[in-house]
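Okay, here's what each chain looks like letter by letter:
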Amino acid sequence: MDCAIPLTLPIVNCTKKDTRIEHLLDEAEQHGLCAIAADDNQRRRLARRVESGELVNPHPGLYIRADVWNGLNPTKRKRAMVRALARIHPDRVFAAESAVCMFDLEQPYDIHPDNELTIASPSRSGIHVFAKTGFIKRTLYVPNMQAVSVNGVHVTSLARTLFDCAKAPAIRMHAPHCRLRGQGRLRYGIVDAVSDRTLQ
């Protein structure tokens, strides 16, 4: 009588995480920004997690855990993207809603759509739409620009930022509701006393 020999197969843990990717995501979260793929290999690994729903890809090249992203309000989402992009492009100056998110201002959430960013340029304006994702990057012409640094991110000055926010149709109706935290009086987005000459 033949005895059946049990077949032993190696157990593979299919749920094992890539420790390098986990470290990348953890470090980014600790600094309040999106993770940045270091190379094409990491980008492919991160993209697979996006397809599975584990990660969110809010901007080309940026990644964040879906549960973390869903737990952020729109201002903090925009800030996470801006902080990450500032590391990739340290000389870039953010403007309008992409700048105001860096200031300690109370601001309405609906001025921060997830799929838009605005940067400043002293020479041109324009709009670039990423074909694959539909993400919109606006370039805002800001003459005589003098940027300020807020937590390591270059942005237009507070006066210029509020002025540009007030000019944008989607933001204009909300501008009077922006208020500096900790101050008793409102700082309006549209300041009639501020002339274009002072918006540096």
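Okay, so let's go over this structure. (Residues numbered from 1 in each chain as written. Predicted model: local features only at pLDDT ≥ 70, side-chain atom pairs only at ≥ 80, totals over all residues. Heavy atoms only, no water.)

1. A look at the pairing of strand 6 (residues 126-129)
Looking along a regular strand, one sees side chains alternate from face to face of the sheet. Heads up, the rule is: For two strands to be treated as a pair, DSSP must find no fewer than two bridges joining them. By definition, any uninterrupted DSSP run of H or I lasting at least four residues is a helix, any uninterrupted run of E lasting at least two residues is a strand, and each is numbered from the N terminus.
In this sheet, strand 7 (residues 136-141) lies alongside strand 6 in antiparallel orientation, the contact comprising four bridges. Bridging across to strand 7, Gly126 finds its partner in Thr139. The antiparallel hairpin formed by strand 6 and strand 7 contains six residues in its connecting segment, where Gly134 sits at a positive phi of about 80 degrees.

2. A word on unusual backbone geometry
A positive phi angle, near 50 degrees, is found at Ala96, a position not held by glycine. Within the fold, Ala96 resides in helix 5 (residues 96-100). The backbone of Asn144 shows a phi angle near 50 degrees, a positive value even though the residue is not glycine.

3. A short note on helix 6 (residues 158-167)
Note the cut-off: Categorising residues by exposure relies on relative accessible area from a 1.4 Å probe, with only protein chains included: less than 20% of the type maximum marks a residue as buried, more than 50% marks it as exposed, and the intermediate range marks it as partly exposed.
Within helix 6, seven of the 10 residues are buried, leaving the element largely enclosed by the surrounding structure. When we look at burial in helix 6, the residues that qualify are Leu158, Arg160, Thr161, Leu162, Asp164, Cys165 and Ala166.

4. Side note on the environment of Ala84
The test is simple: A contact between two residues is defined here by any heavy atoms of the two lying within 4.5 Å.
Within the secondary structure, Ala84 is located in helix 4 (residues 74-88). Overall, the relative accessible area of 0% leaves Ala84 in the buried class. Separated by 21 residues in the primary sequence, Ala84 and Tyr63 place their C-alpha atoms 9.7 Å from one another. Apart from residues lying up to four places away in sequence, Ala84 is in contact with Leu33, Cys34, Ile36 and Leu62.

5. Regarding the packing of helix 1 (residues 19-30) against helix 2 (residues 40-52)
For any two helices packed against each other, one specifies the inter-axial angle together with the distance between the axes. Heads up, the rule is: Axis lines are fitted to C-alpha atoms, over the contacting stretch for helices. Their N-to-C directions set the angle, which ranges from 0 to 180 degrees. Angle categories are assigned with fixed cut-offs, so that under 35 degrees is roughly parallel, over 145 is roughly antiparallel, 65 to 115 is roughly perpendicular, and the rest are oblique. When residues are sorted by character, Ala, Val, Leu, Ile, Met, Phe, Trp, Tyr, Cys and Pro go into the nonpolar class, Asp, Glu, Lys and Arg into the charged class, and all the rest, Gly among them, into the polar class.
Between helix 1 and helix 2, the least distance of the axes is 11 Å, while the angle of their chain directions is 80 degrees. As judged from the angle between their axes, helix 1 and helix 2 are roughly perpendicular. In contact with Arg20, Ile21, Glu22, Leu24 and Leu25 of helix 1, helix 2 contributes Gln42, Arg45, Leu46 and Arg49. Its residues assigned to classes, the contact of helix 1 with helix 2 shows four nonpolar, one polar and four charged.

6. Observations regarding the environment of Arg124
As for its position among the elements, Arg124 is in the loop between strand 5 (116-121) and strand 6. Once residues within four sequence positions are removed from consideration, Arg124 is found in contact with Thr139, Leu140 and Tyr141.

7. Concerning the packing of aromatic side chains
Note the following rule: Two rings from Phe, Tyr or Trp (for Trp, the six-membered ring) form a pair when their centres sit within 6.5 Å of each other. Planes less than 30 degrees apart are called stacked, planes more than 60 degrees apart edge-to-face, and all others tilted.
Considering all chains together, one arrives at one aromatic pair under this definition. Aromatic side chains Phe130 and Phe135 sit 6.1 Å apart centroid to centroid with 70 degrees between the ring planes, which places their arrangement in the edge-to-face category. Since its relative accessible area comes to 22%, Phe130 is described here as partly exposed. On the accessibility criterion, Phe135 (2% relative accessible area) is buried.

8. Concerning the sheet that holds strand 2 (residues 55-59)
Taken in spatial order, the three strands line up as 1-3-2 in an open sheet, and their pairing is antiparallel. A strand with exactly one partner marks an edge of an open sheet, and here the two such strands are strand 1 (35-36) and strand 2. Strand direction decides the pairing type here: strand 1 and strand 3 (residues 62-65), joined by two bridges, are antiparallel. Looking across to strand 3, one finds that Ile36 is bridged to Leu62. Where helix 1 meets the sheet, it contacts strand 1, strand 2 and strand 3, and its direction lies at approximately 85 degrees from that of strand 3. Sitting on the sheet, helix 2 is in contact with strand 1, strand 2 and strand 3, with an inclination near 110 degrees to strand 2.

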